[in-house]
Structures are given as structure tokens and as C-alpha cells.
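Coordinate analysis (summary)
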Amino acid sequence: MEKDLTSGNTLKLIISFCIPLIGGAIFQQLYNIVDTMIVGRFVGVNALAAVGSTGSLNFLVIGFALGLTGGFGIPIAQAFGAKNQKLVLNTIMNAVYLCVFFSVVMTLLMHISTYSLLDIMKTPSDIMKDSYDYIIIIFYGLTCTLAYNMLASISRALGDSKTPLLFLFISSVLNVVLDLFMIINLNMGVQGAALATIISQGISAILCLVYMHYKYTNLRFDKESRKINSLIIKKLLRIALPMALQNSITAVGTVILQSAVNTLGSAKVAAITAGQRIQMLFTQPMDMLGATMATFSGQNLGAKKYDRIFKGIKESLTMVVVYGVLILLFMFFFGKYLALLFVDSSEIAIIADTQRFLVINSVFYFTLGILFVTRNTIQGLGKSALTMLAGLAELIARAIVALSLVRYWGFNAILFANPIAWIAADIILIPTIIIILKKIKKESKIEGI
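Residues numbered from 1 in each chain as written. Predicted model: local features only at pLDDT ≥ 70, side-chain atom pairs only at ≥ 80, totals over all residues. Heavy atoms only, no water.

**Some points on the overall build of the protein chain**
- From N to C terminus, the protein chain includes 17 helices and 0 strands.
- Computed over C-alpha atoms, the radius of gyration of the protein chain comes to 21 Å, within 12% of the 22 Å expected from 2.2 N^0.38 for 449 residues, which places it in the range of a compact globule.
- Across the protein chain, the fraction of contacts at a sequence separation of at least 24, relative to all contacts at a separation of at least 6, is 85%.
- As displayed, the protein chain offers around 18,500 Å² of accessible surface, 70% of which is attributable to carbon and sulfur atoms.
- One finds the centroid of the 35 positive side-chain charges in the protein chain at a distance of 11 Å from the centroid of its 21 negative side-chain charges. (Helix = DSSP H or I, 4+ residues; strand = E, 2+ residues; numbered from the N terminus. Rg over C-alpha atoms; globule rule 2.2 N^0.38 Å. Contact = heavy atoms within 4.5 Å. Areas by Shrake-Rupley, 256 points an atom, 1.4 Å probe, with all protein chains shown as cover. Lys, Arg positive; Asp, Glu negative; His and termini not counted. Charge placed at Lys NZ, Arg CZ, Asp CG, Glu CD.)

**Re a positive patch on the surface**
- A cluster of like positive charges, contributed by Lys235, Arg238, Lys383 and Lys439, occupies part of the molecular surface.
- Residue position: Arg238 is located in helix α9 (residues 230-262).
- Judged by relative accessible area, which is 49%, Arg238 ranks as partly exposed. (Patch = residues over 30% accessible without salt bridge, like charges linked within 9 Å, V, L, I, M, F, W, Y side chains within 5 Å. Salt bridge = Lys/Arg side-chain N within 4 Å of Asp/Glu carboxyl O. Buried < 20%, exposed > 50% of the residue type's maximum accessible area, 1.4 Å probe, protein only.)

**Quick look at unusual backbone geometry**
- Although it is not a glycine, Asn187 sits at a positive phi angle of roughly 55°.
- Take Asn187: it is sitting in the loop between α7 (163-185) and α8 (189-215).
- On the accessibility criterion, Asn187 (65% relative accessible area) is exposed.

**Examining the nonpolar core**
- Counting residues in each nonpolar core, the largest one holds 58 residues, and the members touching the most others are Ile278, Met288, Met331 and Ile414.
- The residues touching Ile278, leaving out its near neighbours within four places in the chain, are Met331, Leu338, Ala339, Phe342, Thr354 and Leu358.
- Listed in part, the 54 residues of the second largest apolar core include Val39, Leu57, Ala95 and Ile154. (Core = buried A, V, L, I, M, F, W, Y, C linked by side-chain atoms within 4.5 Å.)

**Concerning the packing of aromatic side chains**
- A complete count under the given rule lists 8 aromatic pairs for this structure.
- Ring geometry for Phe330 and Phe334: centres 5.1 Å apart, planes at 35°, overall tilted. One end of the pair is Phe330 and the other is Phe334, both in helix α12 (residues 306-339) and 4 residues apart, which spans about a single turn.
- Taking the centre distance of 5.1 Å and the plane angle of 85° together, the rings of Phe332 and Phe333 count as edge-to-face. (Phe/Tyr/Trp six-rings, centres within 6.5 Å; stacked < 30°, edge-to-face > 60°.)

**Comments concerning the pattern of salt bridges**
- Enumeration according to the criterion identifies 5 salt bridges in this entry.
- A salt bridge links Asp353 to Lys268; its shortest N-O distance comes to 2.7 Å. Highlighted residues: Asp353 in helix α13 (residues 348-362) and Lys268 in helix α10 (residues 266-282), separated in sequence by 85 residues.
- Residue Asp353 is classed as buried on the basis of its relative accessible area of 9%.
- Residue classification places Lys268 among the partly exposed positions, given a relative accessible area of 25%.
- For Arg398, the salt bridge identified is with Glu394, shortest N-O distance 3.2 Å. With Arg398 and Glu394 both in helix α15 (residues 387-409) and 4 residues apart, the pair spans about one turn of that helix.
- On the accessibility criterion, Glu394 (4% relative accessible area) is buried.
- Each of Lys268, Asp353 and Arg356 takes part in salt bridges that share partners, so that together they form one network.

Given below as C-alpha cells:
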């Protein structure tokens with residue numbers, strides 16, 4: 001069901017749109033979490049470390065793909081907000097053409113370079129084979145990843161955040177079943193976990209496509225809407241490429257940091273892996289609130305309802321700060337119990353390190369929430385190139401920790417790497433969004449809106 005975010009109570013609209021996104025994001029994180037839990041429990045700590053050691057490389061590639069599809073959704077949202085149906089259809093088709101192109105190119109690049117990248121990251125020799133076997137299958141399934149996320153981005157741009165959730169739920173359940181079957185029954189190890197993820201995501205994409213075909217009766221693509229439009233392609237790339245590169249720039253920092261973690265041994269890698277999986281799950285509500293603001297600001301920009309953008313930003317920032325404080329309290333009291341999901345209770349050192357990671361990072365979750373809201377709003381307003389500076393700030397911050405501080409403080413330095421990166425990004429994003437909003441307010445007065 002399409003939803004117009006340009007009229008009605010802003011807070012209610014933001015929350016109602018965001019809740020299905022949060023559900024979808026949590027289910028999507030379950031792909032990685034279930035893989036990690038089952039691998040850690042049924043294959044072993046080294047296999048857990050192997051999956052974890054690929055996390056930053058995974059983020060480098062998948063983050064680029066998510067940035068692309070998220071960016072492609074913004075011009076669609078703007079066209080929908082302006083109520084230009086012909087432009088909506090033509091923008092969707094040109095975005096699909098670009099997705100096919102990037103799917104082929106990215107898959108070929110990762111086929112050629114994955115092993116070398118793992119070697120450059122100083123992946124420990126005892127987990128190198130499992131690391132490669134896991135991540136190469138994930139990369140071979142990039143078409144499934146791009147397909148699902150493009151369909152989800154189209155749905156969100158049209159104000160529908162529920163449709164992707166429905167099919168992601170189905171595929172998440174399937175992922176759990178396939179994980180257990182392939183790892184326990186077929187004894188496929190990390191390869192089984194990767195295959196389960198790709199198969200499940202592919203099925204999710206197919207189901208979503210079929211449903212959208214019958215549900216969105218206004219999405220009927222005639223010969224005119226299927227034409228390649230160079231102006232639309234330029235706009236799509238102008239918005240999406242900076243978003244994709246921003247994700248990848250951030251990911252380069254995590255790759256450098258992962259290289260430093262890898263030098264600390266498999267036990268520390270396992271602890272960070274468990275901590276990051278838990279953190280990714282609990283930070284999804286803030287991330288998805290940011291994604292909501294991209295659609296919300298995009299639609300309202302198209303409708304020229306600038307006051308609603310200002311109000312939505314204030315309400316979203318308040319929500320992420322409150323949420324950050326609540327999660328800090330939760331991690332302080334329950335973090336060690338969450339670690340038990342990934343390793344046996346006998347792994348006392350790993351459990352303790354995981355809890356330390358969770359508590360220290362959660363102290364700074366409010367800064368991460370501010371990052372999500374401001375960055376996505378800037379992107380929704382069509383200024384995605386500016387967010388690359390924030391990604392560069394994150395990269396530099398993580399590189400400083402990895403290349404300078406880890407040698408002196410070891411694991412303790414790793415614990416503060418993410419918070420330092422989040423703060424560095426906020427230092428760029430906060431002044432940027434203030435300047436953009438002032439410019440919009442000035443232009444609205446000139447236009448008499």
C-alpha cells in the first residue's frame with residue numbers, strides 16, 4: 001500500500017513508516033546473526049572467527065550495493081511526492097537497468113579480488129580457508145542482494161514499508177531452516193551458512209516482485225516508461241553513487257580496523273564478531289529511522305513542504321537520543337548473556353570481551369543515532385555527495401586507531417574505534433545539515449511557501 005508522507009501528523013507518519021522498516025532490518029540482520037550463532041555453536045570458535053573476519057569486507061561490498069539501491073529510491077520518492085506518475089515509472093525502470101549493470105560488474109570484480117583482499121587484511125592462516133569459502137559465496141549471490149534491496153527501495157519510495165517486511169520474514173524463517181539443515185545434516189560448515197543466506201534472499205526477492213506486480217496496479221510499464229533516459233540515469237547516479245561510495249569509504253575504515261583486530265588472534269576476533277553482530281541488531285531501529293527520514297524528506301522536498309522536513313528532523317533526533325540511553329542500560333545489565341548466544345559458557349574470556357565491547361560502544365549510541373538521521377536526511381534532500389566527507393572522517397578515525405593506537409593499547413583501542421568514528425562523522429554532518437536547512441528555509445521564503 002502506497003503512503004503519502006507529505007500530509008498528516010509527522011511523528012505518527014514517521015513512526016508508522018519506520019516500524020516495518022525496523023522489523024525488516026532486524027530480520028535481515030538475522031541472516032548474519034543466525035549464521036554466526038549456528039557456526040559458533042556447531043562448527044567451532046575458529047569458524048566463528050572466520051565468518052567474523054569477513055564482516056568488514058562484506059560491508060565494503062554489500063554496503064556499496066545498499067547505498068546504490070537506497071540512492072535509486074530517492075529520485076523515485078521525489079517524483080512520487082511531486083505526483084508525477086510518468087516520471088515515477090521511467091525512474092524505476094532506469095534504476096533497474098543500472099542495478100543489472102552493477103550486479104554483473106561487482107560480481108566479476110569480487111571473483112577476481114576476494115582472496116587477495118583477505119590476504120591483505122592479514123586474515124589468520126588458521127581461518128583463511130573458511131573465511132574465503134564463506135564470503136565468496138556471499139559475493140556470488142550479489143544479484144539476489146541487489147534485486148531484493150532495489151525492490152524494497154522502490155516500495156519505501158512509494159511510502160510502503162510493509163511489503164518488503166512480509167517476504168523478508170518468510171525468507172528469514174527459511175534461512176534458519178536451511179542453516180540448520182546444511183550445517184548440521186549436510187555438514188557443509190561455513191559454506192552451508194553462506195548458501196542458506198543467498199538462497200533465502202533470492203526467494204525473498206522473487207516473492208516481493210510477484211506480490212508487487214499484482215498489488216501495485218499503477219506500476220504498469222509501457223513502451224515509453226521502459227525507455228533508457230540519460231537525464232534520469234545521470235540523476236540516479238548523481239544521488240546513488242555518492243551514497244554507495246560513502247558506505248564503501250566507511251567500510252574501508254572497518255577493513256583497516258579488522259586487519260588490526262586480526263593481529264590480536266582468533267579469540268579476540270571471535271569476541272569482536274559476537275559483539276558486532278549483537279550491536280548491528282540493536283542499532284537497527286536508529287538506522288531505519290534514518291532510512292525513514294530519507295524517504296520522508298525526499299517526498300516532502302518534492303511536494304515543497306519544507307516545514308514538515310524541519311519538524312521531522314527534530315522529532316527523529318529526539319527519538320534516537322532517548323533510544324540510545326535505553327540501550328546503554330540494557331547492555332550494561334544483559335550484555336554478557338547475549339554473548340552466550342554465540343559461544344559456549346566455558347569461553348569466559350570471549351564472553352567478557354564481548355560485554356566490554358557492547359557496553360563501551362553503547363555509551364556512544366546516541367552519536368550514532370544522530371549520524372543516521374542527519375546523513376539520511378541530507379541524502380533524501382538530494383545532497384548525497386556531501387555525506388562522503390562524513391564517510392571519509394569515519395575512515396580516517398578508524399585508520400588512526402588501527403594503525404597507531406592498537407600497537408600501544410591492543411584490544412582496548414579496538415573498543416573505542418567505532419565511537420571515535422561516529423563522533424568524527426557527526427562533526428561533519430551536523431554543520432552540513434544546518435547549512436542545508438538554512439538554505440532551504442531561505443529559498444522557501446523567496447518562493448513564498
